[in-house]
Amino acid sequence: MSQQTERLERLIADQEGECCASDIEGRVAALERHVRDSPADCARDRAALKTLSNDTRYTIVRLLIAADRELCVCEITPVVDVSDSAVSHALSDLYDTGLVSRRKDGTWRYYEATDRAIALVDALDETRGNSR
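Residues numbered from 1 in each chain as written. Predicted model: local features only at pLDDT ≥ 70, side-chain atom pairs only at ≥ 80, totals over all residues. Heavy atoms only, no water.

The protein goes by Metalloregulator ArsR/SmtB family transcription factor in an unreviewed UniProt entry, where it is assigned to Haloarcula salina.

Here it is as structure tokens:
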């Protein structure tokens, strides 16, 4: 029996009063089903969360959500304390992960937070300070 299984056996015995091999197998099988039942496109979810983990990208998303409208890059750049190229790169990353939409109008490029970005930030806001 591996160390992880021994620890699981002790946990189940502590919770249930006793533990046998089928209890361990049943618990592991149930947990493996949870992992298998994860969304097929969870790579997109991880990419979105990773993208939001950067200060500049997070600030831009917050700005776009607070503005509640499209913003031109020329409006975003002065309020984000990084270079023009860093803002462009951040916006590109946000677009690639589906957190912002963009449209071009002549020489101007406009960005807006997507429903996905709004839902993620709302979830963070609603759960801030709350622990499970």
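Novice: Explanation requested: the nonpolar core in the structure shown.
Specialist: Looking at soluble globular proteins, one finds that nonpolar side chains tend to be buried together. Counting residues in each nonpolar core, the largest one holds 18 residues, and the members touching the most others are Ile-60, Leu-64 and Ile-76. Looking at this core, the elements with two or more residues in it are α3 (42-52), α4 (55-67), α6 (84-96), β3 (108-113) and α7 (115-127). Counting residues per element, this core draws most heavily on α6, at 4 residues. Setting aside residues up to four positions removed in sequence, Leu-64 forms contacts with Arg-69, Leu-71, Ile-76, Val-100, Tyr-111, Glu-112 and Ala-113. (Core = buried A, V, L, I, M, F, W, Y, C linked by side-chain atoms within 4.5 Å. Buried < 20%, exposed > 50% of the residue type's maximum accessible area, 1.4 Å probe, protein only. Helix = DSSP H or I, 4+ residues; strand = E, 2+ residues; numbered from the N terminus. Contact = heavy atoms within 4.5 Å.)

Novice: Explain the packing of α4 against α7 to me, please; I cannot follow it from the model alone.
Specialist: Helix-helix packing is described using two parameters, namely the angle between the two axes and the distance between the axes. Where α4 meets α7, the axes come as close as 10 Å, and the angle between the chain directions of the two elements is 100°. If you check the angle between α4 and α7, you find them roughly perpendicular. Across the interface between the two elements, Tyr-58, Val-61, Arg-62 and Ile-65 of α4 pack against Ala-117, Ile-118, Val-121, Leu-124 and Asp-125 of α7. Residue composition of the contact of α4 with α7, grouped by class: 7 nonpolar, no polar and 2 charged. (Axes fitted to C-alpha atoms, helices over the stretch in contact; angles between N-to-C directions. Parallel < 35°, antiparallel > 145°, perpendicular 65-115°, else oblique. Nonpolar A, V, L, I, M, F, W, Y, C, P; charged D, E, K, R; others polar.)

Novice: Even after reading the chapter, I still don't get the pairing of β3, so can you show me in this structure?
Specialist: The sheet contact formed by strand β1 (residues 71-72) and β3 spans 2 bridges and is antiparallel. Looking at β3, one finds that Cys-72 is bridged to Tyr-110. From the end of strand β2 (residues 100-105) to the start of β3, which pair antiparallel, there are 2 residues, and Gly-106 there has a positive phi angle of about 65°. (Pairing = 2+ DSSP bridges.)

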